[in-house]
Amino acid sequence: MTNSEPVYTQPITVGDEDPIIVNDLHKSFGSNEVLKGIDLKVKNGEVIAIIGPSGSGKSTLLRCLNRLEDVTSGEVIILGENIATAKGKELDQVRQRVGMVFQHFNLFPHMTALENVALAPVETGKLGKADARKRAAELLDRVGLGDKKEQRPAQLSGGQKQRVAIARALAMSPEIMLFDEATSALDPEMVGEVLQVIRDLAASGMTMALVTHEMGFAREVADRVVFMDGGKVVESSAPADLFDHPKESRTQDFLSKVL
Ligand code: ADP
Ligand code: MG
């Protein structure tokens, strides 16, 4: 994964506006307010790591960034479009420019790795079948699975399945990638191979938001670390500042338990 062929999409700047801008985002499930006024900006090519205790709203925030969750109030401006209120075709178009990778890979079990990766570009009309397969093959090579193209998910390890899932997200040429605990379901010996793919993607200039429990990785790969607790961003700063000199007592408490 050290070659520099332009398989990954280069980031596209939308005017001077940051690709992710969240203003006073609130999200409730029934009477349970899970996000209590989130403000967040991510610059073009920036990598942020979102950390915090279980239940603090990290996944919900990430899901709001591509409208997997409806927003209760506030703005979520992704690539210039407020997806909190966007509908129909506008919403679909923005969502296609945002890739997401989950803890569980959700690959189609009856399809090969290559077919899984090639599917979305064909279904959305982005690429013809032959081009989609060609791109899928390139992406599988790029994530180190060149020899697994014809395998079905059941024949792959957890780390390999997650790399297929990353290739699948990249097949749509997203300008933003979201990762929600992409390594949490993996056996320890498979974490490294997935982190390497994410690291490579960060180095390619992709704008990314990663929810992670891997503090060492967050420190290494993120330009900025965002600490959430109780549905709020408590503190956000460069990794060395946040990990070595946390300002808020809640951040200090959390770090004392996980580091
Ligand atoms: P984290 O990812 O930081 O662990 P989540 O965003 O998953 O936190 O969850 C934050 C809170 O929102 C939790 O209390 C959780 O129970 C609640 N929650 C998340 N998704 C839903 C849902 N679909 N319906 C109801 N409550 C939810
Ligand atoms: Mg979560």
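In this text the structure is predicted, and so the values were computed from the model without any measurement. (Residues numbered from 1 in each chain as written. Chains lettered and ligands numbered in written order. Predicted model: local features only at pLDDT ≥ 70, side-chain atom pairs only at ≥ 80, totals over all residues. Heavy atoms only, no water.)

Caption draft 1: Focus on the UniProt feature "domain: ABC transporter" (unreviewed entry) in the protein chain. Here, UniProt's "domain: ABC transporter" (unreviewed entry) annotation points to residues 20-255. Along residues 20-255 one finds 38% helix and 25% strand; the C-alpha atoms at either end are 26 Å apart. (UniProt positions renumbered as here; feature names shortened; annotations may be inferred. Helix = DSSP H or I, 4+ residues; strand = E, 2+ residues; numbered from the N terminus.)

Caption draft 2: Representation of the site of ligand 1 within the structure. As a structural note, the neighbourhood of ligand 1 is formed by F29, N32, V34, P53, S54, G55, S56, G57, K58, S59 and T60. At a separation of 3.0 Å, an oxygen atom of ligand 1 approaches a polar backbone atom of G57. Here an oxygen atom of ligand 1 sits 2.6 Å away from a polar atom, N or O, in the side chain of T60. Contact with the protein chains hides 58% of the accessible area of ligand 1, taken as 560 Å² for the molecule alone. (Near = heavy atom within 4 Å. Polar contact = N/O pair within 3.5 Å; in protein donor to acceptor, adjacent residues only side chain to side chain. Areas by Shrake-Rupley, 256 points an atom, 1.4 Å probe, with all protein chains shown as cover.)

Caption draft 3: Inspection of the sheet that holds strand β4 (residues 73-78) at higher detail. If you walk across this open sheet you meet the four strands as β2-β1-β4-β5, and the pairing is antiparallel. Either end of the sheet is taken by a strand with one partner, and the two such strands are β2 (32-42) and β5 (81-82). By the bridge criterion, five bridges tie strand β1 (residues 20-29) to β4 in an arrangement that is antiparallel. Its bridge partner being in β4, V22 is matched across the sheet by V76. (Pairing = 2+ DSSP bridges.)

Caption draft 4: Representation of the pattern of salt bridges. Tallying each qualifying case throughout the model produces 12 salt bridges. Close ionic contact of E69 with K27 constitutes a salt bridge, the shortest N to O distance being 3.9 Å. In this pair, E69 sits in the loop between α1 (58-64) and β4 while K27 sits in strand β1, placing the two residues 42 residues apart along the sequence. With respect to burial, E69 and K27 carry one shared label: buried. Of the charged contacts, one joins D200 and R142 as a salt bridge, the two residues approaching to 3.5 Å between their closest N and O atoms. Taken as a pair, D200 in helix α6 (residues 188-203) and R142 in helix α4 (residues 129-142) lie far apart in primary sequence, 58 residues in all. The same class applies to D200 and to R142, which are both buried. Shared partners join several salt bridges into a network, and the residues in it are K27, R63 and E69. (Salt bridge = Lys/Arg side-chain N within 4 Å of Asp/Glu carboxyl O. Buried < 20%, exposed > 50% of the residue type's maximum accessible area, 1.4 Å probe, protein only.)

Caption draft 5: Highlighting the pairing of strand β10 (residues 232-237). As paired elements, strand β9 (residues 224-229) and β10 share five bridges and run antiparallel to each other. Across the sheet, residue F227 finds its bridge partner in β10, namely E235. As consecutive antiparallel partners, β9 and β10 are separated by two residues, and within that stretch G230 has a phi angle of approximately 55°, a positive value.

Caption draft 6: A look at the layout of surface pockets. Its volume calculated, the largest pocket comes out at about 640 Å³. The wall of the largest pocket is formed by 21 residues, among which R95, V98, M100, A120 and M172 lie closest to the centre. Among the elements of the structure, α2 (88-95), β6 (98-101), α3 (113-123) and α5 (158-170) are those that each provide at least two residues to the lining of the largest pocket. With four residues, the single largest contributor to the lining of the largest pocket is α3. Among the residues forming the lining of the largest pocket, the class breakdown is 11 nonpolar, six polar and four charged. (1 Å grid on protein atoms, 1.4 Å probe; cavity = no way out; pocket = protein on both sides within 12 Å on 5 of 7 lines; lining within 4 Å. Points joined across faces, edges and corners; volume = space filled by probe spheres on them. Nonpolar A, V, L, I, M, F, W, Y, C, P; charged D, E, K, R; others polar.)

Caption draft 7: Inspection of the pairing of β9 at higher detail. Burial runs high along β9: six of the six residues are buried. Side chains R224, V226 and M228 project from β9 onto one buried face, and the interleaved V225, F227 and D229 project onto a second face that is buried too.

Caption draft 8: Representation of the nonpolar core. Among the nonpolar cores identified, the biggest contains 40 residues, and L140, I166, M177, F179, I198 and M208 are the most heavily contacted of them. At eight residues, the largest contribution of residues to this core is made by α6. If sequence neighbours within four positions are ignored, I198 has contacts with I166, F179, A182, M208, L210 and F217. (Core = buried A, V, L, I, M, F, W, Y, C linked by side-chain atoms within 4.5 Å. Contact = heavy atoms within 4.5 Å.)

Caption draft 9: Molecular detail of the sheet that holds strand β7 (residues 176-180). Here we have six strands laid out as an open sheet, ordered β6-β7-β8-β3-β9-β10, and mixed in their pairing. In this open sheet, the two strands that pair with only one neighbour each are β6 and β10. Between one strand axis and the next, the sheet turns through 20° on average, direction left out of account. Where helix α9 (residues 249-258) meets the sheet, it contacts β3 (47-51), β9 and β10, and its direction lies at approximately 100° from that of β9. (Axes fitted to C-alpha atoms, helices over the stretch in contact; angles between N-to-C directions.)

Caption draft 10: Inspection of α6 at higher detail. Between the first and last C-alpha of α6 there are 23 Å, a value that for 16 residues agrees with the 22 Å anticipated at 1.5 Å per step. Buried within α6 we find M190, V191, V194, L195, V197, I198, D200, L201 and A202. Contacts made by the buried residues of α6 are with β3, α4, α5, β7, β8 (207-211) and α7 (215-221). Once α6 ends, the next one or two residues include G205, with phi positive near 100°. (Expected span 1.5 Å × (residues − 1).)

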